[in-house]
Amino acid sequence: MKRIPLIAGNWKMYKTTTEAIEFASAIKRNLYQINPELLEIVICPAFTALSDVSEVICDSNIKLGAQDVHWEREGAFTGEVSILMLKDLNCKYVIVGHSERRTYFKETNEIINKKLKVVLKEGLSPILCVGENLEERENNMTFKVLDDHIYNGLKDISSLELVNLVIAYEPVWAIGTGKTATPQIAQEAQGYIRNLLNNLYGESISQQIRILYGGSVKPDNIRELIKQPDIDGALVGGASLILDSFVNIVKYSYDEVKNICMDY
Ligand code: 13P
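Read on for an overview of the structure. None of the values given here were measured: they were computed from a predicted structure.

**Re the overall build of the protein chain**
Next up, step 1: Across its full length, the protein chain carries 11 helices and eight strands.
Next up, step 2: With the principal axes as the frame, the protein chain shows a C-alpha extent of 50 × 45 × 35 Å.
Next up, step 3: Counting across all 264 residues of the protein chain, residues that qualify as buried make up 53%.
Next up, step 4: For the protein chain, the computed accessible surface area is about 12000 Å², with 51% contributed by carbon and sulfur atoms.
Next up, step 5: Where the 28 positive side-chain charges of the protein chain centre and where its 35 negative ones centre are 1 Å apart.

Here it is in structure tokens:
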């Protein structure tokens, strides 16, 4: 079973619409040669820029993602954005349960579970973020946290609904700190996650689900990360805001995936 690697840029709360249009156009110009059947590229601008960026990339090999979504299809939820609104803008991916949302906006596994369900139901791909913080790692609780995020995040979601799911292992201690997990640490956690998916959904499904790594990914560490058997790409924060960095992360990944056989 072949998993197509994916490099996603999470722009977080950066770039005005004007800046986003210019940046997306530059990414498109620099990465037109990447074959999307070998490597997928996704950019996740802020909500305010989604519509314009969608137009910029509509005829390209770059796909659009959102950084969050509400769990209801519509309703009286002032300030929120629904999955139908995202779908209408041609979004294909939605980040769900990012650690910044868990920490600053108190998102629980229960909320994340509801968001995953609405994204999957509408046929988009959620990128479910999971991972431990520094204290949890130092107290040897990494696997326990992953159990909690995976089992409770995916509660009552059947294997039939799962087709589009992507998981991102983002250890909180590596986000925006410049401290990347070593390829071995990331592989250990991601192998563990695949094992959990195997317990939940069986071998054939677990082998189809892409697991990304996120946390201080840069052009100089992506090659070793993406070589690992359970690292199917990256969710990039800071480095996705700088043209050269993002372009090189994609290009170096592309070089590697052309060499790696991901058949199982
Ligand atoms: P950095 O790449 O800036 O560490 O951020 C990672 C992240 O949070 C991506 O979602």
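**Focus on the site of the ligand**
Next up, step 1: Taken together, Asn10, Lys12, His98, Glu170, Ala174, Ile175, Gly176, Gly215, Ser216, Leu235, Gly237 and Gly238 make up all the residues around the ligand.
Next up, step 2: Contact distances for the ligand include 2.8 Å between an oxygen atom and a backbone N or O atom of Gly238.
Next up, step 3: Within the complex, 96% of the 310 Å² of free accessible area of the ligand lies under protein.
Next up, step 4: Among the residues forming the shell around the ligand, the class breakdown is three nonpolar, seven polar and two charged.

**A look at the side chain of Arg3**
Next up, step 1: Mapped onto the elements of the fold, Arg3 is located in the segment before strand E1 (6-10).
Next up, step 2: Arg3 sits in the buried class, given a relative accessible area of 1%.
Next up, step 3: Of the polar contacts made by the side chain of Arg3, one reaches the backbone oxygen of Gln207; its length is 2.8 Å.

**Observations concerning unusual backbone geometry**
Next up, step 1: With phi around 55 degrees, Lys106 is a residue other than glycine that occupies positive phi space.
Next up, step 2: Of note, Lys106 is situated in the loop between helix H4 (99-104) and helix H5 (109-121).
Next up, step 3: Residue Ser216 is not a glycine yet carries a positive backbone phi of 55 degrees.

**Some points on the environment of Glu224**
Next up, step 1: Relative to the assigned elements, Glu224 resides in helix H10 (residues 219-226).
Next up, step 2: Residue classification places Glu224 among the partly exposed residues on the basis of a relative accessible area of 40%.
Next up, step 3: C-alpha of Glu224 to C-alpha of Leu146: the two residues are 78 residues apart in sequence and 23 Å apart in space.
Next up, step 4: In this structure the side chain of Glu224 is engaged in a polar contact, spanning 3.0 Å, whose partner is the side chain of Lys227.

**Brief notes about the pattern of salt bridges**
Next up, step 1: As enumerated under the stated definition, the model contains 17 salt bridges in all.
Next up, step 2: Note that Arg137 and Glu132 form a salt bridge whose closest N and O atoms lie 2.7 Å from each other.
Next up, step 3: A relative accessible area of 0% means that Glu132 is categorised as buried.
Next up, step 4: Residues participating in the shared-partner salt-bridge network are Arg3, Arg194, Asp230 and Asp232.

**Brief notes about the nonpolar core**
Next up, step 1: Counting residues in each nonpolar core, the largest one holds 69 residues, and the members touching the most others are Ile7, Leu154 and Ile167.
Next up, step 2: The next biggest cluster of nonpolar side chains, apart from the first, holds 12 residues, and it includes Cys44, Tyr93, Cys129 and Leu235.

**Side note on the packing of helix H7 (residues 142-153) against helix H8 (residues 183-201)**
Any two packed helices are characterised by how steeply their axes cross, that is the angle between the axes, and by the distance between the axes.
Next up, step 1: Interhelical geometry of H7 versus H8 gives an angle of 40 degrees and a closest axis separation of 10 Å. Accordingly, the angle class assigned to the pair H7 and H8 is oblique. The handedness of the crossing between H7 and H8 is right-handed. In contact with Phe143, Leu146, Asp147, Ile150 and Tyr151 of H7, H8 contributes Glu188, Ala189, Tyr192, Ile193, Leu196, Leu197, Asn199 and Leu200.
Next up, step 2: Residues that form the contact of H7 with H8 fall into these classes: 10 nonpolar, one polar and two charged.

**Regarding the packing of H10 against helix H11 (residues 243-259)**
Next up, step 1: At a minimum axis distance of 9 Å, the contact between H10 and H11 shows a crossing angle of 25 degrees. As far as their axial angle goes, H11 and H10 are roughly parallel. When the axes of H10 and H11 are compared, the crossing they make is right-handed. Residue-level contacts link Pro219, Ile222, Arg223 and Ile226 of H10 to Ser245, Asn248, Ile249, Tyr252, Ser253, Asp255, Glu256 and Val257 of H11.
Next up, step 2: In the contact of H10 with H11, the residues fall into six nonpolar, three polar and three charged.

**Concerning the state of the cysteines**
One covalent bond between the sulfur atoms of two cysteine residues makes up a disulfide.
Next up, step 1: Following the criterion strictly, the structure yields zero disulfides and no others.
Next up, step 2: Not part of a disulfide, Cys58 finds its nearest cysteine sulfur in Cys91, a span of 13 Å.
Next up, step 3: We classify Cys58 as exposed; its relative accessible area is 57%.

**Observations concerning the pairing of strand E7 (residues 210-213)**
Next up, step 1: Burial of E7 is two-sided: the residues Arg210 and Leu212 facing one way and the residues Ile211 and Tyr213 facing the other way are all buried.
Next up, step 2: Pairing geometry for strand E6 (residues 166-169) and E7, over four bridges, is parallel. Of the residues in E7, the one forming a bridge with Ala168 is Leu212.

Thresholds, definitions, all that
- Residues numbered from 1 in each chain as written.
- Predicted model: local features only at pLDDT ≥ 70, side-chain atom pairs only at ≥ 80, totals over all residues.
- Heavy atoms only, no water.
- Helix = DSSP H or I, 4+ residues; strand = E, 2+ residues; numbered from the N terminus.
- Buried < 20%, exposed > 50% of the residue type's maximum accessible area, 1.4 Å probe, protein only.
- Areas by Shrake-Rupley, 256 points an atom, 1.4 Å probe, with all protein chains shown as cover.
- Lys, Arg positive; Asp, Glu negative; His and termini not counted.
- Charge placed at Lys NZ, Arg CZ, Asp CG, Glu CD.
- Near = heavy atom within 4 Å.
- Polar contact = N/O pair within 3.5 Å; in protein donor to acceptor, adjacent residues only side chain to side chain.
- Nonpolar A, V, L, I, M, F, W, Y, C, P; charged D, E, K, R; others polar.
- Salt bridge = Lys/Arg side-chain N within 4 Å of Asp/Glu carboxyl O.
- Core = buried A, V, L, I, M, F, W, Y, C linked by side-chain atoms within 4.5 Å.
- Axes fitted to C-alpha atoms, helices over the stretch in contact; angles between N-to-C directions.
- Parallel < 35°, antiparallel > 145°, perpendicular 65-115°, else oblique.
- Left-handed = near helix turned anticlockwise from the far one by under 90°.
- Contact = heavy atoms within 4.5 Å.
- Disulfide = S-S within 2.5 Å.
- Pairing = 2+ DSSP bridges.

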